[in-house]
Structures are given as C-alpha cells and as structure tokens.
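Per-entry structural report
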Amino acid sequence: MTRVVARAPSGSEESLSGRPSLIYLIAGSIAIVCYLVVPPLAGSAWLFKLVGLSVAVAIVLGVAWYRPRPILPWVLFLVAQVLFVGGDYVYYTFDPSFPSVGDGFYIAYYPVQAAGLLLLIRSRTSESDWASALDALIITVGFGLLSWVFLIQPYTHLRDETLLSRVVSMSYPTMDVLLLAVTARLLIGNGARPRALYLMAASIVCLILTDGAYVAIELSGAYGTGGFLDVGWMSTYVLWGAAALHPSMRELSARAPATGTSLSGRRVLLLAAATLIAPATLLIDSLWQVPGFSVPVSASVSAVLFVLVLIRMLGLFSSLRDAVGRHERAERRERILRRAATSLTVAPDREHIRRAAVNGARDLVQGLAEMRISAEMYDGAEPHGAVVVTSSDSVVVPLATQAAVYGRLVVIGSAPVPTDVVDGLQTLGAQVALALESAALTEVLSRQRSESRVGALVQNSSDLIMVLDAQLVVRFVTPSVVRVLGLHPDHVLGTSLLSLMDPSEHDAVTAFYSRLRLRAQESARAEWRMRCSDGHLTDVETVSTDLLGHPSVNGIVVTARDITERKALEMGLQRHVRELEELDRLRNDFVATVSHELRTPLTSIIGHVELLEHDDDGDLSAGRSNSLEVIGRNSERLLTLIEDLLTLTHMNSGTVTLRRQSICVADLLAGVHSQVEQIAAAKSVELTLTCSPGVDTVHVDREQLERALLNLLTNAVKFTPAGGQVALRAEHVDADLVVTISDNGVGIPEDEQMGLFTRFFRSSIATRLAIPGTGLGLVIVKQIVEQHGGTISIVSAPGSGTTVTVTIPADATTEVRTDAA
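Analysis parameters
Residues numbered from 1 in each chain as written. Predicted model: local features only at pLDDT ≥ 70, side-chain atom pairs only at ≥ 80, totals over all residues. Heavy atoms only, no water. Helix = DSSP H or I, 4+ residues; strand = E, 2+ residues; numbered from the N terminus. Buried < 20%, exposed > 50% of the residue type's maximum accessible area, 1.4 Å probe, protein only. Contact = heavy atoms within 4.5 Å. Areas by Shrake-Rupley, 256 points an atom, 1.4 Å probe, with all protein chains shown as cover. Pairing = 2+ DSSP bridges. Axes fitted to C-alpha atoms, helices over the stretch in contact; angles between N-to-C directions. Salt bridge = Lys/Arg side-chain N within 4 Å of Asp/Glu carboxyl O. Core = buried A, V, L, I, M, F, W, Y, C linked by side-chain atoms within 4.5 Å. Parallel < 35°, antiparallel > 145°, perpendicular 65-115°, else oblique. Left-handed = near helix turned anticlockwise from the far one by under 90°. Nonpolar A, V, L, I, M, F, W, Y, C, P; charged D, E, K, R; others polar. Phe/Tyr/Trp six-rings, centres within 6.5 Å; stacked < 30°, edge-to-face > 60°. pLDDT = per-residue confidence, 0-100. Patch = residues over 30% accessible without salt bridge, like charges linked within 9 Å, V, L, I, M, F, W, Y side chains within 5 Å.

**Regarding the overall build of the chain**
- A tally of regular secondary structure across the chain gives 24 helices and 16 strands.
- Taking all 821 residues of the chain together, the buried fraction comes to 47%.
- Looking at the chain alone, contacts between residues at least 24 apart form 69% of all its contacts between residues at least 6 apart.
- For the chain, the accessible area works out to roughly 39500 Å², and carbon and sulfur atoms hold 59% of it.

**Here's the deal with the sheet that holds strand E16 (residues 801-808)**
- Read across the open sheet, the five strands follow the order E11-E13-E14-E16-E15; overall the sheet is mixed. Across the chains shown, the open sheet's two edge strands, defined by having one partner strand only, are strand E11 (686-691) and strand E15 (791-797). Within this sheet the neighbouring strands show an average axis-to-axis angle of 10 degrees, counted without direction.
- The pairing of strand E14 (residues 736-743) with E16 spans seven bridges and is classified as antiparallel. In the sheet register, Asp743 faces E16, and the bridge partner there is Thr802.

**A few points about the pattern of salt bridges**
- Going through the model one piece at a time under the given rule, you end up with 16 salt bridges.
- The salt bridge partner of Glu376 is Arg408, with a shortest N-O separation of 2.7 Å. One end of the pair, Glu376, is in strand E1 (residues 371-383); the other, Arg408, is in strand E4 (residues 404-413), with 32 residues separating them in the sequence.
- With relative accessibility at 32%, the residue Arg408 sits in the partly exposed group.
- A salt bridge links Glu527 to Lys567; the shortest N-O distance between them is 3.1 Å. One end of the pair, Glu527, is in strand E7 (residues 523-531); the other, Lys567, is in helix H19 (residues 564-614), and 40 residues separate them in sequence.
- Three or more residues are tied together by salt bridges with common partners; here these are Arg525, Glu527, Glu541, Arg566, Lys567 and Glu570.

**Considerations on the nonpolar core**
- Ranked by size, the top nonpolar core spans 61 residues in total, and within it Trp74, Leu117 and Met200 carry the most contacts.
- The set of elements that each furnish at least two residues to this core consists of helix H2 (19-37), helix H3 (45-66), helix H4 (72-94), helix H5 (101-124), helix H6 (130-152), helix H7 (163-188), helix H8 (195-220) and helix H9 (228-245).
- With 12 residues, H9 is the single largest residue contributor to this core.
- Not counting residues up to four positions away in its chain, the partners in contact with Leu117 are Phe77, Leu179, Val182, Thr183, Leu186, Met200, Ile204 and Trp240.

**A closer look at the packing of H5 against H7**
- Remark: H5 packs on H7, axes separated minimally by 9 Å, with the N-to-C direction vectors making an angle of 15 degrees. Between H5 and H7, the interaxial angle falls into the category roughly parallel. Taken as a pair, H5 and H7 cross one another with a handedness that is left-handed. Here H5 contributes Asp103, Tyr106, Ile107, Tyr110, Pro111, Gln113, Ala114, Leu117, Leu118, Ile121 and Arg124 to the contact with H7, which in turn contributes Val168, Ser171, Tyr172, Met175, Asp176, Leu178, Leu179, Val182, Thr183, Arg185 and Leu186.

**Some remarks on the environment of Pro721**
- Within the secondary structure layout, Pro721 lies in the loop between helix H22 (702-718) and strand E13 (725-733).
- C-alpha separation for the pair Pro721 and Val685, spaced 36 residues apart in sequence, amounts to 7.2 Å.
- Residues contacting Pro721, with those up to four places away along its chain left out, are Val685 and Gly745.

**Here's the deal with the sheet that holds strand E8 (residues 537-547)**
- One open sheet holds the five strands; their spatial order is E6-E5-E9-E8-E7, and the pairing between them is antiparallel. Of all the strands in the sheet, the pair left with one neighbour each is strand E6 (474-477) and E7. Taking each pair of neighbouring strands and ignoring which way they run, the sheet shows an average axis angle of 30 degrees.
- Judged from the nine bridges that link them, E7 and E8 form a sheet pairing that is antiparallel. Counted as the bridge partner of Arg525 is Val543 from E8.
- Strands E7, E8 and strand E9 (555-562) of the sheet are contacted by helix H18 (residues 506-517), whose axis makes an angle of about 160 degrees with E7.

**A short note on the packing of H2 against H9**
- Interhelical geometry of H2 versus H9 gives an angle of 170 degrees and a closest axis separation of 8 Å. By the angle between their directions, the pair H2 and H9 is classed as roughly antiparallel. Contacts between H2 and H9 involve Pro20, Ser21, Tyr24, Leu25, Gly28, Ala31, Ile32, Tyr35 and Leu36 on the former and, on the latter, Phe228, Asp230, Val231, Met234, Ser235, Tyr237, Val238, Leu239, Gly241, Ala242 and Leu245.
- Looking at the contact of H2 with H9 residue by residue, the class counts come to 15 nonpolar, four polar and one charged.

**Looking at unusual backbone geometry**
- Residue Pro40 is bonded to the preceding Pro39 through a cis peptide linkage, with omega at 0 degrees.
- Position of Pro40 relative to the elements: it lies in the loop between H2 and H3.
- Residue Pro70 is reached from Arg69 by a cis peptide bond, and omega for that bond is 0 degrees.
- By the element assignment, Pro70 lies in the loop between H3 and H4.
- Look at Asn554: it is not a glycine, yet its phi comes out positive at around 55 degrees.
- With respect to the secondary-structure elements, Asn554 resides in the loop between E8 and E9.
- Assessed through its relative accessible area of 53%, Asn554 is described here as exposed.

**Details of the packing of aromatic side chains**
- Counting across every chain of the model gives 14 aromatic pairs.
- Look at Tyr89 and Phe94: their rings are 5.5 Å apart centre to centre, the planes differ by 70 degrees, and that puts the pair in the edge-to-face class.
- On the basis of relative accessibility, which here comes to 42%, the residue Tyr89 falls in the partly exposed class.
- A ring pair is formed by Phe512 and Trp528, whose centres lie 5.5 Å apart and whose planes are at 75 degrees; its orientation type is edge-to-face. Here Phe512, found in helix H18, pairs with Trp528, found in strand E7; they are 16 residues apart in sequence, far enough to count as distant.
- Classification of Phe512 by relative accessible area gives buried; the value is 9%.

**Points about helix H24 (residues 777-787)**
- Within H24, nine of the 11 residues are buried, which leaves the element mostly enclosed by the surrounding structure.
- All buried positions along H24 are accounted for by Gly777, Leu778, Val779, Ile780, Val781, Gln783, Ile784, Val785 and Gln787.
- Backbone geometry just after H24 places Gly789 at a positive phi near 80 degrees.

**Observations regarding the confidence of the model for the chain**
- Here the chain averages 79 in pLDDT, and 80% of its residues register 70 or above.
- Low pLDDT, under 50, characterises residues 1-16; the stretch is placed with 19 contacts to residues that sit more than four places away or in other chains.

**Let's talk about a nonpolar patch on the surface**
- On the surface, Ile71, Leu72, Val75 and Val79 cluster together to form a nonpolar patch covering roughly 300 Å² of accessible area.
- In this structure, Val75 sits in helix H4.
- Val75 sits in the partly exposed class, given a relative accessible area of 38%.

What follows is the structure, encoded as structure tokens:
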C-alpha cells in the first residue's frame, strides 16, 4: 500500500502557482495555430515533434517542482510520452509508410500510459471501490461496442490489406478502449478532482477522438500530414503538458476517504446512455445496413450490459437496505432511552430505579439471543474509574457519573452484543447513575436532622448544591460552585438565583419555583442555562426539592449538574436522527429516480429483443433464439422489480389515493381467475373459483384490489407443484367481504411467517426451489388491503399448503390516503 504524505508547498512553489501551466498552454496553442495556418511553419514536421518533446520536458519540470508522491506514475507518463514522440520522429524523419516501426512506438505508448493511470487510481483509493469499477466497465463495454462496429470490425473484411497492416490498424482503437476504461475509472472514483485531472482527461479525450478519426480516414486511404488530425494530436500533447505543470498535479494521488460512491443524476444518464449503445447499433444496422454488422455480437454485449446493470442495482438495493436498518435501529434505541429516562425521573427510590434500569436494558437487547440482565447497586458511591467491559458473551456497564460509580449493569448472553447496543447500554447507565445520584442526595437531605451532617455530605458532592429561601435567595452553596460556575462561594451567598441565570429564562425560573411551592417535599427536574464567572453560559440540569417546611433545612434544595457534554451529545444524536430521516427521504427519491431512469433503457432492451425474435426470418439459430428469450425474460423480471419499487415508493410517500367505485365481486374474481388460468394449466395445477350466493357488489378501488388478489393467486400457483390444487373463494361474513386463496403447495415455515410482509423478504423454501420473486409483492398487497381498511392473514405449514384470507369491511367506504411507511 502506498502511503501519501501531505507536504506544505515551499515559497517558490507558491510563487509559481498555476502560471507555468497557463504559459505552457498559451504557447502550445500558438504553436498549433502556426502549424495549421502560418507559413513556413504550416505542416512543419519539426514543429510537430518539438511540441511532443516539450511534454516530456514539462513532466520532468512538474515532478521536480511539485514532488508528487508516489512518483512512479509520472515516470510511466514520461516513458509513454517518449515512446509517442519516438513514433513521431520515426514517422516524420525516416519511414512515413504504414505500418512502420513508428507504429510500434505509438502502440507501446497506450499500455504504459494506462499503467501510470492505474497507479494513480490505486494511490487515490482507500479501499475496494467495486461500484466505480463496475460503472467504468459498463461505460467501457458500451463504447467498446461502438469501436468494434465502426472502427475495428471493418478491417477484418479488408482482404486486399496485409495481415500486419490490419492488425496495426485495429490496434489503435483497441488501445483507445483500454485508455478509455482506465480514464473512466479514474474520473468516476472517489478522490479530489483538481484542475490537473481535468486537463489530463481532456488530453485523453482528444487522443481517443483523433485516433478514431484517423482510423476512419485510413479506411478510405485519405490521410495526409499537416491537417486537422495533427492538430488533435498536438492538442493532446499541450493539454498533458499543462496538467504536468499545474500545482494541483500533486493532489492527483491524494488518498480519498472511504465515503462510498453515490449514483448522481449525471452518472445515471451516462450509464443509461452506455446501456443504450447496443440497441442503438441494432437500430442503425436495421436502418442503414452497416457492412459486416454482427447481430450476435451486439446481442451478446446487450446481455453483458444487462448483467452488469443488474449487479449494480443489487448492490444499491443492499446498501439501501442496510441504511434503512441502521435508521430503524437508531430510532428504536432513542424511543427506548426516552421511556427509560421518563421512568427514572419518576422513580421514588433505588429499587424502582433498579427495575427501570433492567427494563430499559431488556428493551435494548430485545431481538438478540437469550440475555440475562441484572443491575447491581452499591450501598455507597465508589471512586470513579470504572469503564465499559465487553467480552464474547457479556457486557458490564458502570453506573457512573463524572466523579463516582453507583453500581453496574450486567448483560450476559450466548453471543457478542452489537456495538450500537453497547452504546445504548452505556447511555442508559449514565441516566441510571444520574437518577441514583439524585435519589441519593434527596434521601440524605430528607433523612438528615442536623445541618452539620447535611453540610458534611454536600461539601463532597461533585455537583453544585444550593439551598434557597422562599424569595429564591441563595442561603447555602457547596464549594463545587467553583468547578461548575467558576465563582467563589462568598460571591454567591446572599445573591438571587435569578442573577446566576440566563436573563431570557428569568420568567420561566420564577414560574417553575412557584409551581414547586405547591408540591411540598416533591422533587422536580429542569434544565437551565447559568452564567459563569467569565460571562459565558453553561447548560445545567437541576433537581429541586421544596423543603421549606422541613425544620432541619428550611429551604429549597437545588442540585445542579453541568450537562454541557451531554447536551452536545444529545444535539449530535438529534442531528444524526435528522440525517437519517433525510437519508430515508433521499432513499425514496433515489429509488424513484433510478427506477424511472432504468425503466426506459429496459423497455428499449425488451422492445429490441422482441424485434429480433419476431423479425429474424429464421436467421437465428436455436441457441441464439434461446439467448434472446433469456434476455427478454430477465429484462421483464427486472422491469417488474422496478415497477414494484416505484409502486412501493409512491405508497410510502403518501401519493397514492384510492379511487373507489361499486364493482361486481364476481366479475372482479373472474378477471383475476382468467389471468392466472393459463399459468396454472401450464403447471398442471387445478384452479377453482367459488363465489358464494349473496356476494354482489363492493365499494373499492378495482385496479388496486385486483392487483392484490392477482399477486396472491399467482403466488399460490407458483408455490404449488404439478397436480396440486388452488382455490379462490369469496363470501360475506357479517356483511364484510372475505376472499380466501388456498393451496396444497409447499407451505411456509412458522418461524418465517412473521417476515412475509417485510420488504425484500424471501422464504427459505423459495430460495431453495429457486422460485423467482422480488420480496415486494406481499408488502404491496398488505398496503393495498390496509388502505381499504381491511386485514390480511396467513395460515400455513410446510407440506400442508397455505391459506391467505383478505377481509374488506363493509363500512370502509371513504377514501383513505396511505401513510408513509
């Protein structure tokens, strides 16, 4: 692994700035103009070679000035440039024939240049970035097909050319495809995008376009020096030299953080364009009859692109599923900790605090392997120093404040506890410790009869403790006021509590203690902002108890704790929750956008496959015909997945509204039955329909309900073996419409039935039998049924079949808008 060390630029480097690159770019542009139109330099071979040689000099100077690390890529760039200039020297000086030794120099340039770019990619990438590599591969395959059809394949039919001549001619576009693949990977991957990167990319684009034009012109034998093709190669030289002289060239190898690769709108359009290249070549051939065009090659590339896009989509769906899972777990932990904080706040004694701690911990580890939970509380606070201890099967969380430990929370199980659950337990431990400390202080204050004993206790408290009179004037304060507020106790005694508070909270503080006076000897919590000695405000949490009627205290006891760090943590958690909510919104938008973008190329692929299947005139072999059938079938499956994702996204966003109308139940069921009848007959499955007397009309959204019933009936047929039976039945039960779909198929294990209505869930039987499906159908069915105010239930056992019951209430006649999932 190459280590990249950032180095501050010296004064001389800063003074250079981007001027050498700009000067070189201007000088190169002037040379190009002179080569093109200014005699006697127009078409001058020595000027062409001089511009090429200047790039090698620019690379050497750039490396010497900016010291890029690693240096090996630039060494390879220098070698590649020398090879290219060597080819120019041989061609323009000794042997202008084709092919010649100069072509060997030219062709050797490409792999060396590509190797340098690969080393840059390796130094910029902190971990495996398969997504960028896959995107670059999709683009390369698509544009490689264009190169084959229009630049490489024609040379295979030129029988009047020698084999060497044809091989050399085909090598140029082949090497261009190699260079395009590496450049696409460099541009698509993570990492900084300095100006030098864009100059390098522009140089390579000029080279590829010029090479393509050169090969096309060579087909007609019309190439000659001194024309616009030479301008293209000279532009390649100038742009690469400008990149080498730009200060940002040392940023090209800076390692990028592992942030993942997003699928932006521009990248989606680029990938969609690449996937449409294969169908486009078929269309061009059908319109203009491209000589030597090979339908099998185009179809094979289309299949490869389909597989690559499918792999990319599966990776995206997996990432989205993981993100949603993390979001849901974070929300669940937050709810549990809020409930625990509420229980701890109202807990009257240590025993109730212990129970609240155990209940909160049990909720946090719910869903893991069997766990034993206990909360141990010490008789008194021990010195701070305990830390969270985790092992392969247990977690010990200290119940500690900043100054002391009040006990420990122990979780023991048969498997390691996930890190996020440990973090939740640690937060719960801090809440319990605060509750224990507050409870301990309240117990001591209420138990002590002597002011001296109370004073001895509170003098050693890590928190600020004050005793206020009825007018909220401070009559007693612990020395900890120095640590919390930076004030000396003598400066606080005799002052009003309001003088220590944020002026904006004076009214709230006054109202709070007025309410507290109505509940004698009861404690109340509040969070305020108190003024420190240097004028800044600090967040504190207070526990106030009205003991004005207590003969030993005769005041309001206030315990204040500095919660600045906790507030920062809470704000961080809230920000994280907002980010997760935004991620959920972006996920829905992303799925909708990607699905819309992919549906168009998929529809095009399906259409062209159908065109090939119906218009082949018997030219396709059986194997190729089967291949087209596989492409079409799998494209239809992917299109179905995209349609399900779009439907689910619309439902989750709340944009689907029922369009109810009175429909005939018998007609509805007959339509569903007829759509599945042929599928059942093909599998030799008996399909029956029964509509009980009295079942006439129902007020529903016909399209949505038909979709739900069609999905359930199709599933029943798919999971029923040949010779089995599937029954569709409708009846009225207490005026409600009840539709049942039953089969005697493979059934569903009991432990998997709870997950049937979870997105992307696939039962073990479906996986084992390789029964196709997306894992979204039942989720959509459940949403449709619940939109109608109905319910859906499943009864199943392995080997005994499955019965699905859908109940639509008779009084569900108003339009219901879906809630966002």
